[in-house]
Amino acid sequence: MSCADRNGDSSGIAGPGPLPLVLDVNGTQHQIMVEPRTTLAEALRGPLGLTGTKIACNHGACSTCTVWLDGTPVAACSVLAVEVEGQRITTIEGLAQPGSLHPVQEAFIAHDAVQCGFCTPGLVLSCAALLARNPHPDRSDIESAISGHLCRCGTYPHVIEAMLDLSTRQDPDHG
Ligand code: FES
Ligand code: FES
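Undergrad: Honestly, the overall build of the protein chain in this entry has me stumped. Any pointers?
TA: Broken down by element type, the protein chain carries 6 helices and 5 strands. In the protein chain, the order of α-helices and β-strands from amino to carboxyl end is α-β-β-α-β-β-β-α-α-α-α. Rg of the C-alpha trace for the protein chain: 17 Å, near the compact-globule value of 16 Å for 175 residues, within the 12% margin. C-alpha extents for the protein chain along the principal axes are approximately 55 × 30 × 25 Å. Here the protein chain holds 175 residues, and 43% of them are scored as buried. Taking all contacts inside the protein chain whose residues are at least 6 apart in sequence as the whole, residues at least 24 apart take part in 53%.

Undergrad: Just to check I follow, could you spell out unusual backbone geometry for this structure?
TA: Trans peptide bonds make up most of the peptide bonds, and negative phi angles are found at most residues other than glycine. Unusually for a residue other than glycine, S63 sits at a positive phi of about 65°. Mapped onto the secondary structure, S63 falls in the loop between α2 (40-45) and β3 (66-69). The backbone of D112 shows a phi angle near 55°, a positive value even though the residue is not glycine. Within the secondary structure, D112 is located in the loop between α3 (103-110) and α4 (120-133). The class of D112 is exposed, set by a relative accessible area of 51%.

Undergrad: Honestly, the domain arrangement of the protein chain in this entry has me stumped. Any pointers?
TA: By a widely used convention, the size of an interface equals the accessible area lost when the partners come together. Along its sequence, the protein chain is organised into domain 1 (3-92) and domain 2 (103-169). Domain 1 puts 16 residues into the contact, and the matching count from domain 2 is 13 residues. Both faces combined, the contact of domain 1 with domain 2 buries some 1,100 Å², and carbon together with sulfur accounts for 67% of it. Among the residues domain 1 hides against domain 2, the three largest losses belong to T64, W68 and I92. Together they make up 41% of the total.

Undergrad: Could you clarify how one ought to interpret the nonpolar core in this entry?
TA: Where a protein is soluble and globular, its nonpolar side chains tend to be buried together. One finds L95, V104, F108, C127, V159 and M163 to be the most contacted residues of the largest nonpolar core, which totals 25 residues. Of the residues forming this core, the biggest block, 8 residues, is contributed by α4. Not counting chain neighbours up to four residues away, the residues in contact with F108 comprise A113, V114, T120, L123, V124, C127, V159 and A162.

The rules behind the values
Residues numbered from 1 in each chain as written. Chains lettered and ligands numbered in written order. Predicted model: local features only at pLDDT ≥ 70, side-chain atom pairs only at ≥ 80, totals over all residues. Heavy atoms only, no water. Helix = DSSP H or I, 4+ residues; strand = E, 2+ residues; numbered from the N terminus. Rg over C-alpha atoms; globule rule 2.2 N^0.38 Å. Buried < 20%, exposed > 50% of the residue type's maximum accessible area, 1.4 Å probe, protein only. Contact = heavy atoms within 4.5 Å. Domains from an automatic or database assignment. Buried area = accessible area lost by both parts, 1.4 Å probe. Core = buried A, V, L, I, M, F, W, Y, C linked by side-chain atoms within 4.5 Å.

Set out below in structure tokens:
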């Protein structure tokens, strides 16, 4: 359905008022109303209340807002919510299993890879995506996977150590 159809507007112009939208987030279908200008990050944090997705630069430059779209990390501040209907969205809230953290989360804790934590959800999601496609990444693979992430606290060496640790003992089924 086009945005214009949702609006009941034959002009071909959607909005500026809210449009009905169904987003598949962490395995659950959510019906929301958002203006077409609403970014995915804003929709997650606002109507859906999933504030684990952080917004920092809001310009696609820091990767703080990283989520997965169909398993691929993307900057949620640079995607409109209306663009991602029908895709599987995974946020940091959907990564862990009930009662057990994701191995990347465990490794971040074990290697002290978290300080203020603001960049952490995005970093964890990018690292988890890397492990899902490559269970045994080397330092270069890890540096490449996190290269777009800005961490003002400078946790990079700890993040790399956490990932190298996982790389040596990672079960290929994890991630
Ligand atoms: S907040 Fe989205 S890339 Fe910086
Ligand atoms: S832990 Fe503070 S910005 Fe990364």
